[in-house]
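Overview (structure and organization)
Listed below, chain by chain, are the residues.
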Amino acid sequence: MQNSKNTYIVSIAVANKAKDTFYHIDLPALENQFQEIQASLTTSLTRIIRSHQHLQSTALEGLKYKMTLVDNSLSAFDATKDQALFVEYNKRPGFSVPGNWDWEPCAGFYETGVISVEPTPKVYLQNKLAKAQSKLDEVRALEKTKEKDANQLRQLVSSYQANPKLGDVDDVMNDYLDAAHMHMQWRAIGLALEAEIETILGALGDDTGAQQPHNFKSSSFSIPTPCGFCKSSIWGLSKQGKTCKACGLSVHAKCELKVPAECPGATGGRRAPPARNVPSTMREGGNSIPMRQVSGGRGGPSTLSVTVPEGKVSAPTPSAFNLPSASAFNQPALPRATIMFDFVASSPFEMNVVEGQVVEVVEEDDGSGWIKVGNPKTGEKGLVPATYVQMDGGQEDAAAPPPTVNRGSRPQGSGKFVKGVYEYTAQGDDEISVQVGRRIELTAAGMSYGDGWAEGIDEGGKKGIFPSNYVELI
């Protein structure tokens with residue numbers, strides 16, 4: 001409720017600022033623009049009439065004397081005097097600017113018009129202040145650019161009015177008015193931000209909070225994910241939440257401004273792991289390759305989210321969730337666990353398991369509520385809920401011999417080929433690289449391997465997966 005009150009007070013200040021701007025700056029400017037339009041129209045009208053008079057004087061010699069008088073009168077037209085005459089006869093005395101809006105308390109609840117700075121609403125105000133301050137610099141830069149454009153076009157209008165031979169003055173006037181309106185819009189946004197900052201600083205003083213803000217970006221969540229602030233689930237494919245690119249914290253969109261600015265991955269804190277660069281075709285706006293990001297939140301069954309940040313991918317490679325290569329059998333023995341309940345996979349990153357099944361623990365629970373396990377018989381790997389798994393006390397089966405792998409023969413292909421369109425370097429043991437112009441033979445799974453990946457055999461005889469939008473059929 002305090003946040004709502006604070007937002008109301010801030011909105012009052014913004015509205016008052018907008019009102020003052022409208023009556024003292026925008027309205028006079030609009031009247032000036034109307035005058036400029038009127039001057040341009042009347043000037044154009046006189047020019048047309050003069051042209052008509054000259055034609056008439058050539059055709060009708062009898063009216064030459066009268067046409068000369070009209071022409072002289074129109075030539076003496078002065079747009080400035082015309083506007084002064086219009087203003088003189090259209091003044092409206094008695095107008096006054098309306099008063100400022102003020103706080104209006106609720107009739108059934110006692111409250112004052114003072115911003116609350118209690119701990120919880122203070123964090124909201126601090127985050128709102130930081131956001132407004134960061135936006136203000138960008139807005140002011142755009143405002144200056146639009147102001148410069150409007151001034152240049154205003155000078156161009158004057159030149160066209162002085163010399164009609166330069167071109168159509170109406171087109172230049174339209175461009176000038178569009179630029180002036182854009183400048184006014186950005187100025188109004190900047191004034192609203194200034195009023196917001198001034199009001200919040202008046203309440204907070206020097207207590208602006210921590211200087212390690214989270215870098216939240218909108219995210220979609222394919223399965224329920226616990227909010228790092230309110231602990232309730234985030235659910236929905238239409239970007240219902242946000243994820244910090246620095247530390248991986250996921251929160252509701254409504255909780256973004258309630259989280260203290262104490263990001264461990266921000267400058268001055270613990271940095272997040274580095275992310276690898278991806279080609280432009282994998283960025284937003286291109287044909288993106290699906291990625292899954294494992295967040296670090298606690299308190300829910302899963303924190304998997306589908307995110308494709310601009311220019312970087314902080315999620316693990318999809319090959320980490322697919323079938324292992326032959327080299328994986330040379331790794332040290334993994335701990336064993338027993339499945340306590342049946343689980344049916346709902347995504348390609350998960351794995352079907354049944355009660356009593358013995359699995360290998362590939363990656364332990366990192367707090368997300370999920371464990372990555374593997375089937376020691378088939379080599380299949382995937383995620384299962386951590387609560388479905390019971391760790392075995394011993395590893396009596398760990399010394400079992402690994403399954404045999406036939407490395408001497410080439411894998412069976414489908415006879416269909418693709419060629420590389422973009423360069424791609426394999427980032428997992430079960431991936432193969434893609435080189436521009438080089439051929440890859442598709443397997444039976446081929447381009448339908450799933451989730452934007454294809455399976456094939458390179459020219460060296462290695463079988464693996466690769467991004468399907470990096471190749472084309474031949």
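Residues numbered from 1 in each chain as written. Predicted model: local features only at pLDDT ≥ 70, side-chain atom pairs only at ≥ 80, totals over all residues. Heavy atoms only, no water.

It is worth spelling out the nonpolar core at this point. Grouped together as the largest cluster of nonpolar side chains are 14 residues, with contacts concentrated most on Val353, Val359, Ile371, Val373, Val384 and Val389. Elements that contribute at least two residues to this core include exactly β8 (336-339), β9 (358-363), β10 (370-374) and β11 (381-385). For this core, the leading source of residues is β10, giving three residues. Discounting chain neighbours no more than four positions away, the residues touching valine 359 are Pro335, Arg336, Ala337, Ile339, Met351, Val373, Gly374 and Pro376. By size, the runner-up hydrophobic cluster in this structure holds 13 residues, among which are Leu125, Leu129, Ala132 and Leu193. (Core = buried A, V, L, I, M, F, W, Y, C linked by side-chain atoms within 4.5 Å. Buried < 20%, exposed > 50% of the residue type's maximum accessible area, 1.4 Å probe, protein only. Helix = DSSP H or I, 4+ residues; strand = E, 2+ residues; numbered from the N terminus. Contact = heavy atoms within 4.5 Å.)

Turning our attention to the sheet that holds β11. Strand order in this open sheet of five strands is β11-β10-β9-β8-β12, and the pairing throughout is antiparallel. Each having just a single partner strand, β11 and β12 (389-391) make up the two edges of the open sheet. Put simply, the sheet's adjacent strands are angled 50° from each other on average, direction ignored. Pairing between β8 and β12: three bridges, direction antiparallel. Within β12, the residue paired with alanine 337 across the bridge is methionine 391. (Pairing = 2+ DSSP bridges. Axes fitted to C-alpha atoms, helices over the stretch in contact; angles between N-to-C directions.)

Next up on the list: the packing of aromatic side chains. One pass over the structure, following the stated rule, counts eight aromatic pairs. Their ring planes at 85° and their centres at 5.0 Å tell us that phenylalanine 22 and tyrosine 23 sit as a pair that is edge-to-face. You can call phenylalanine 22 partly exposed: its relative accessible area is 40%. Here phenylalanine 343 and tyrosine 388 contribute two aromatic rings whose centre-to-centre distance is 5.8 Å and whose plane-to-plane angle is 85°, an arrangement assigned as edge-to-face. Here phenylalanine 343 is found in the loop between β8 and β9, whereas its partner tyrosine 388 is found in the loop between β11 and β12, with 45 residues between them in sequence. Phenylalanine 343 gets classed as buried once you look at its relative accessible area, which sits at 12%. Using a relative accessible area of 26% as the deciding quantity, one classes tyrosine 388 as partly exposed. Three or more aromatic residues joined by ring pairs make a cluster, and in this case those are Phe341, Phe343, Trp370 and Tyr388. One cation-aromatic arrangement involves arginine 154 over tyrosine 176; the distance from NZ or CZ to the ring centre is 5.6 Å. The ring of phenylalanine 417 has arginine 439 sitting right over it, with the charged end atom 4.2 Å from the ring centre. (Phe/Tyr/Trp six-rings, centres within 6.5 Å; stacked < 30°, edge-to-face > 60°. Lys NZ or Arg CZ within 6 Å of the ring centre and 35° of its normal.)

Let's shift gears to the packing of helix α4 (residues 119-162) against helix α5 (residues 169-204). The geometry of α4 relative to α5 is characterised by a closest axis approach of 6 Å and an angle of 155° between their N-to-C directions. Compared by their axis directions, α4 and α5 come out roughly antiparallel. As for how α4 packs across α5, the hand of that crossing is left-handed. Of the residues assigned to the contact of α4 with α5, the class counts are 26 nonpolar, five polar and 13 charged. (Parallel < 35°, antiparallel > 145°, perpendicular 65-115°, else oblique. Left-handed = near helix turned anticlockwise from the far one by under 90°. Nonpolar A, V, L, I, M, F, W, Y, C, P; charged D, E, K, R; others polar.)

Taken together, the three bridges between β8 and β9 define a ladder with antiparallel strand orientation. Paired with arginine 336 across the bridge in β9 is glutamate 360. Across three bridges, β9 lies against β10 in antiparallel orientation. Among the inter-strand pairings, glutamate 360 is bridged to a residue of β10, identified as glycine 374.

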